[in-house]
Amino acid sequence: MEQGALGERRQPAVFITGAGGEVGHGLISSFSDEGRPDIVATDLRELDHKSREKCAATYLADVCDRDALDRILSMYQVKEMFHLAAVLSTRAEFAPEIAHQVNVNGTVNILQIAAEQGRMYGEPVKVVFPSSIAAYGFGSLSQKKEVGAVSEYVHCKPSTMYGCNKLYCEHLGRYYAHSYRQLATDSVQGKDKNRGVVDFRCVRYPGLISAETVPTGGTSDFVPEMIHAAARGEKYKCFVREDTRIPFMTMPEAIDATLQLAAAPREELTQIVYNISSFSPSAGEVATIVKQYFPSADISFEPDERRQAIVDSWPESLDCNAATNDWGFTPKYTLEQAFEEYLIPRITKQYESKA
Ligand code: SER
């Protein structure tokens, strides 16, 4: 155990921001299943009871409030951070400056703290950061269809504030990892104390589908919303066209992949940013499979032109070869298997127990 400035013992911990969101929920469950007793989680809102019970400590804190983050982190010895706090793509278009503050300034706070702590420990602090398919941007639907699967460093011209923020934060992560304070006195004289103090790793998530939670504020939400509405016996008006296609994966796959990247040996990572995804169904294909399991599902397609334009600017599928080659990423499910082996058994149980 290491000591803080006043000589007190600092408890080792893994630190999670935005822990109350869908990914946070899945990550905390996964850590807890692995028997990790050292989870320190923060969010703007209180976490649900089940998640709280799995954590060593939880705090109400805004990622934009640097003092609050410093106060919390001064109590712990944190060498690994999962920075999940973000304002998603749909919500961000109603309040872009607030989204910028949370998505960018919050990330700078985390990176700066990681750099300071890394210097203090004399070893890198790992920052694991979820980016998104929103980092891409096509000029037209025909271009999107023509291009098909995209690798990480092409067609990155996002049309949303969220996408711009995520893309920029990927670059910031690279900067803190490789070039931080490159001209500062302590960098140019003798040993470079700033280089390598942050070990930044980033996954670009596709749309995510959880059996346990329903997303809010995103633009890929039409698939999870459609499935959960059917399971609850509610009508669903899908806000995109039937032929709309973007990549998706289930939440457990996303969590496993994130943890796999976090655990990968640094020297095997050739990139800062990695695409991951499992399947790329159209909204209509998802509706068809939903109706196989819930024959009375009432799904209609009533596209909202502006949200449709956002989804049309995102790729229809992702080239995940770099993740496969560098750290062994493999999707677990096809769309059909995701329904059969994960979504249907879990969702049915969940809504039965709530009935
Ligand atoms: N799920 C995100 C959103 O819709 C995209 O990664 O904003």
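Note that the structure is predicted; figures quoted are calculated from it, not measured. (Residues numbered from 1 in each chain as written. Predicted model: local features only at pLDDT ≥ 70, side-chain atom pairs only at ≥ 80, totals over all residues. Heavy atoms only, no water.)

1. So, the overall build of the protein
Across its full length, the protein holds 14 helices and 14 strands. A compact globule built from 355 residues should have a C-alpha radius of gyration of about 20 Å, and the protein, at 21 Å, falls within 12% of that. Principal axes of the C-alpha set define a box for the protein whose edges measure 65 × 45 × 40 Å. Sequence separation of 24 or more characterises 76% of the internal contacts of the protein that already satisfy a separation of 6 or more. (Helix = DSSP H or I, 4+ residues; strand = E, 2+ residues; numbered from the N terminus. Rg over C-alpha atoms; globule rule 2.2 N^0.38 Å. Contact = heavy atoms within 4.5 Å.)

2. What to know about the nonpolar core
Core analysis: the biggest nonpolar cluster contains 83 residues, and Phe82, Phe222 and Trp327 have the highest contact counts within it. Here this core takes eight residues from helix H14 (residues 335-354), the largest share from any one element. When sequence neighbours within four positions are dropped, the list of residues in contact with Phe82 reads Val14, Phe15, Ile16, Thr17, Leu27, Phe31, Val128, Thr258, Leu259 and Ala262. Counting 32 residues, the second largest nonpolar core, distinct from the first, contains Ala57, Cys169, Tyr176 and Val273. (Core = buried A, V, L, I, M, F, W, Y, C linked by side-chain atoms within 4.5 Å. Buried < 20%, exposed > 50% of the residue type's maximum accessible area, 1.4 Å probe, protein only.)

3. Overview of the site of the ligand
Every residue lining the ligand is accounted for by Leu88, Ser89, Ser132, Tyr162, Gly218, Thr219, Ser220 and Trp314. Between the ligand and Thr219 there is a distance of 2.5 Å, counted from an oxygen atom to a backbone nitrogen or oxygen. Protein contact buries 91% of the 240 Å² of open area that the ligand shows by itself. Among the residues forming the shell around the ligand, the class breakdown is three nonpolar, five polar and no charged. (Near = heavy atom within 4 Å. Polar contact = N/O pair within 3.5 Å; in protein donor to acceptor, adjacent residues only side chain to side chain. Areas by Shrake-Rupley, 256 points an atom, 1.4 Å probe, with all protein chains shown as cover. Nonpolar A, V, L, I, M, F, W, Y, C, P; charged D, E, K, R; others polar.)

4. Observations concerning the packing of helix H1 (residues 22-33) against helix H10 (residues 251-263)
Look at H1 against H10: their axes get within 10 Å of each other, and the N-to-C directions meet at 65°. What the angle tells us is that H1 and H10 run roughly perpendicular. You can see that H1 and H10 cross each other, and the crossing is right-handed. Along the contact surface, H1 presents Glu22, Val23, Gly26, Leu27, Ser30 and Phe31, while H10 presents Met251, Ile255 and Leu259. In terms of residue class, the contact of H1 with H10 is built from six nonpolar, two polar and one charged. (Axes fitted to C-alpha atoms, helices over the stretch in contact; angles between N-to-C directions. Parallel < 35°, antiparallel > 145°, perpendicular 65-115°, else oblique. Left-handed = near helix turned anticlockwise from the far one by under 90°.)

5. Some thoughts on helix H9 (residues 222-232)
For H9, a buried count of nine out of eleven residues is recorded, marking the element as mostly surrounded by other parts of the structure. When we look at burial in H9, the residues that qualify are Phe222, Val223, Pro224, Met226, Ile227, His228, Ala229, Ala230 and Ala231. Gly233, located one to two residues past H9, shows a positive phi value of around 75°.

6. Points about unusual backbone geometry
Across the chain, the bulk of peptide bonds are trans and the bulk of non-glycine residues have phi less than zero. At His155, a residue that is not glycine, the phi angle is positive and equals roughly 55°. Tracing the backbone through its elements, the reader meets His155 in the loop between strand E7 (149-150) and helix H7 (161-178). Residues other than glycine seldom take positive phi values, yet Arg181 does so here, at roughly 50°. By the element assignment, Arg181 lies in the loop between H7 and helix H8 (185-188).

7. Remarks on the pairing of strand E4 (residues 57-60)
As defined by bridge partners, strand E3 (residues 39-43) adjoins E4 across four bridges and the pair is classed as parallel. Among the inter-strand pairings, Ala41 is bridged to a residue of E4, identified as Thr58. This β-α-β element, E3 to helix H2 (residues 49-54) to E4, shows right-handed connectivity. (Pairing = 2+ DSSP bridges. Right-handed = clockwise from strand over helix to strand, strands pointing away.)

8. Side note on the packing of H9 against H14
Relative orientation of the contacting elements H9 and H14 amounts to 50°, with a least axis distance of 10 Å. Between H9 and H14, the interaxial angle falls into the category oblique. In terms of crossing hand, the pair formed by H9 and H14 is right-handed. Only Phe339, Leu343, Ile347, Gln350 and Tyr351 of H14 make contact with H9, whose side of the interface consists of Ile227, His228, Ala231 and Arg232.

9. Focus: the environment of Ser51
Tracing the chain through its elements places Ser51 in helix H2. Ser51 gets classed as buried once you look at its relative accessible area, which sits at 4%. Other than its neighbours up to four places away in sequence, Ser51 contacts His25 and Ile28.

10. Examining the side chain of Thr213
With respect to the helices and strands, Thr213 occurs in the loop between strand E9 (207-209) and H9. In this structure Thr213 touches Glu22, His25 and His228, once residues within four positions along its chain are discounted.

11. Re the packing of aromatic side chains
This model, assessed by the stated rule, comprises twelve aromatic pairs. With a centroid separation of 4.6 Å and 25° between ring planes, the pair formed by Tyr176 and Tyr180 is classed as stacked. Both residues of the pair, Tyr176 and Tyr180, belong to the buried class. Relative to Phe339, the ring of Tyr293 has its centre 6.0 Å away and its plane inclined at 15°; by these criteria the two rings are stacked. (Phe/Tyr/Trp six-rings, centres within 6.5 Å; stacked < 30°, edge-to-face > 60°.)

12. A look at the environment of Leu167
Take Leu167: it is sitting in helix H7. Put simply, Leu167 and Asp326 are 159 residues apart on the chain and 21 Å apart in space, counted from C-alpha to C-alpha.

13. Some details on the pairing of strand E8 (residues 198-205)
Of all eight residues that make up E8, eight are buried, and the element is covered over most of its length. Going residue by residue along E8, you find Val198, Phe200, Cys202 and Arg204 tucked away on one face and Asp199, Arg201, Val203 and Tyr205 tucked away on the opposite face as well. Examined bridge by bridge, strand E6 (residues 125-132) and E8 share eight bridges and lie parallel to one another. Bridge pairing links Lys126 to Asp199 in E8. Pairing of E8 with strand E12 (residues 273-275) involves three bridges; the strand directions are parallel. Within E12, the position partnered with Val203 by the bridge is Tyr274.

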